[in-house]
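Residue-level structural notes
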Amino acid sequence: MNDTDVSKQIQQMVRFIRQEAEEKANEISVSAEEEFNIEKLQLVEAEKKKIRQEYERKEKQVDVRKKIEYSMQLNASRIKVLQAQDDLVNCMKDAASKELLNVSHHRNHHIYKKLLQDLIVQSLLRLKEPSVLLRCREDDVSLVEEVLDAAKEEYAEKAQVHAPEVIIDEIYLPSAPSHHNAHASSCYGGVVLASRDGKIVCENTLDARLEVVFREKLPEIRKCLFSQVAA
């Protein structure tokens, strides 16, 4: 084999090696590109997932805040409604209290006189004591004295007992309320009876009767006033 043939074989081997190297390089490049694209896609998907999770977390926070705010507003509205209802009920009670002044007014002298007698009899029936202490307003002392004997006889007849001893206390219930002293203790009328030892007390003032009636009728009053609102 001469030098020319040797040179040709060497060139062929070089071309073969170069071609094989280029093919291998292309394979490595393609493989690297594929791996890069896969990794890039994975990174993009991972970031997308993180963004979605963060968005969902913030969306839940916003939803929770909305629910809390709605609940607070709803509770505040309910409190306002309840307060308005209480204000209306208290206005009714105040109006009823003012009407009590007319009951014990001098213009209704005979009506109030009969009422005092009934209240004394009722109190005696509750106490069932042979001797009691009676307390009233100073303005009502004369009326109480006028009806006291009749009240004792009525009680004795109903209870089938002897007429009790009733002592009018020299300590009086507060006077009726006035514009001059609106915040002072007051009493719209009626009586308070107690056993002589003070262990049993029957408060039968108009104020106390109003409280009892109002407390008993409060559910009915609320139903009449606010049933349509609740519906």
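Everything here concerns the structure above.
Residues numbered from 1 in each chain as written. Predicted model: local features only at pLDDT ≥ 70, side-chain atom pairs only at ≥ 80, totals over all residues. Heavy atoms only, no water.

A look at the overall build of the protein
The following threshold applies: We count a stretch as a helix when DSSP gives it H or I for four or more residues in a row; a strand needs E for two or more, and each element gets its number in order from the N terminus. We take the radius of gyration over the C-alpha atoms and set the globule estimate at 2.2 Å times the residue count to the 0.38 power. Think of it in three bands: with a 1.4 Å probe and only protein chains considered, a residue is buried below 20% of the maximum accessible area for its type, exposed above 50%, and partly exposed in between. Contacts between residues were defined by any pair of non-hydrogen atoms, one from each residue, lying within 4.5 Å. In this description, accessible areas are obtained by the Shrake-Rupley approach with a 1.4 Å probe, and a residue is regarded as covered only by the protein chains that are shown. Under the counting rule used here, the positive set is Lys and Arg, the negative set is Asp and Glu, and His together with the chain ends is not counted. Here the site of a charge means atom NZ of a Lys, CZ of an Arg, CG of an Asp or CD of a Glu.
The helix and strand tally for the protein stands at 4 helices and 4 strands. Walking the protein from its N terminus toward its C terminus, one meets helices and strands in the order α-α-β-α-β-β-β-α. Taken over the C-alpha trace, the protein has a radius of gyration of 49 Å; the compact-globule value for 231 residues is 17 Å, which it surpasses by more than 25%. Reported as C-alpha extents along the three principal axes, the dimensions of the protein are approximately 165 × 35 × 35 Å. Looking at the protein as a whole, 23% of its 231 residues qualify as buried. A fraction of 70% describes how many contacts in the protein between residues 6 or more apart in sequence connect residues 24 or more apart. Accessible surface, the protein: about 17400 Å² in total, of which carbon and sulfur atoms supply 54%. For the protein, the centre of its 35 positive side-chain charges and the centre of its 41 negative side-chain charges are spaced 2 Å apart.

Section: a nonpolar patch on the surface
Convention followed: Every patch collects residues that have over 30% relative accessible area and no salt bridge, joining them within 9 Å if they carry like charges and within 5 Å if they are nonpolar side chains (Val, Leu, Ile, Met, Phe, Trp, Tyr). By definition here, a salt bridge exists when the distance from a side-chain nitrogen of Lys or Arg to a carboxyl oxygen of Asp or Glu is within 4 Å.
Taken together, the side chains of Val6, Ile10 and Val14 make up a nonpolar region of the molecular surface, amounting to roughly 220 Å² of accessible area. When you line up the elements, Val6 lands in helix H1 (residues 3–103).

Points about H1
Just so we agree on the cut-off: A helix's residues, less one, multiplied by 1.5 Å, set its expected span.
Compared with an ideal rise of 1.5 Å per residue, which puts 101 residues at 150 Å, H1 spans 147 Å between its outermost C-alpha atoms and is within 8% of the ideal. Three or more residues of H1 are buried, namely Gln85, Val89, Ser97 and Leu100.

Some words on the sheet that holds strand S1 (residues 131–135)
Basically, it comes down to this: Each pair of strands is called paired provided DSSP finds at least two bridges between the two strands. Throughout, an axis means a line fitted to C-alpha atoms (over the contacting stretch in the case of helices), and angles, computed between N-to-C directions, take values from 0 to 180 degrees.
As summarised here, the arrangement of the 4 strands in space is S2-S1-S3-S4, forming an open sheet in which the pairing is mixed. Looking along the sheet, the strands with just one partner apiece sit at the ends: strand S2 (165–168) and strand S4 (201–205). Here the average twist between neighbouring strands, direction ignored, is 20°. Here 5 bridges tie strand S3 (residues 190–195) to S4, and the two strands are oriented antiparallel to one another. Bridge pairing in S4 links Gly190 to Thr205. Contacts from helix H2 (residues 109–127) reach S1, S2, S3 and S4 within the one sheet, and its direction differs from that of S3 by about 20°. Relative to the sheet, helix H3 (residues 141–159) contacts S1, S2 and S3, its axis offset from that of S2 by approximately 165°.

As for the environment of Lys98
Along the polypeptide, Lys98 turns up in helix H1. Given a relative accessible area of 58%, Lys98 falls into the exposed group. Distance in space between the C-alpha atoms of Lys98 and Pro177 is 9.1 Å, their sequence separation being 79 residues.

A look at the pairing of S1
In this structure, S1 lies alongside S2, joined through 4 bridges in parallel fashion. Residue Val132 lies in a different strand from S2, and its bridge partner there is Val166. Across 4 bridges, S1 lies against S3 in antiparallel orientation. Across the sheet, Leu134 pairs through a bridge with Leu193, a residue of S3.

Some details on the pattern of salt bridges
Two side chains that carry opposite charge are able to pair once their charged atoms sit near each other. If you walk through the whole model with that rule in mind, you get 14 salt bridges. One salt bridge connects Lys67 with Asp63, and the closest N-O pair in it is separated by 3.5 Å. Linking Lys67 with Asp63, this pair stays in helix H1, spanning 4 residues, or about one helical turn. The closest approach of N and O atoms between Asp118 and Lys114, which form a salt bridge, is 2.7 Å. Highlighted residues: Asp118 and Lys114, both in helix H2, separated by 4 residues, approximately one helical turn. On the basis of relative accessible area, Asp118 is assigned to the partly exposed category, the value being 30%. When its relative accessible area of 43% is taken as the criterion, Lys114 is described as partly exposed. In the salt-bridge network here, residues are joined through shared partners; they are Glu54, Arg57 and Lys58.

Describing H3
Rules: Note on bend: the value at a residue is the angle between axes fitted to the seven residues ending there and to the seven starting there.
Taking 1.5 Å per residue as the helical rise, H3 with its 19 residues ought to reach 27 Å, and the 25 Å between its terminal C-alpha atoms agrees with that figure. Helix geometry: H3 is bent most strongly at Val147, by close to 45°. When we look at burial in H3, the residues that qualify are Val141, Leu143, Val144, Val147, Leu148, Ala151, Lys152, Tyr155 and Ala156. Downstream of H3 by a residue or two, Gln160 has a phi angle that is positive, lying close to 55°.

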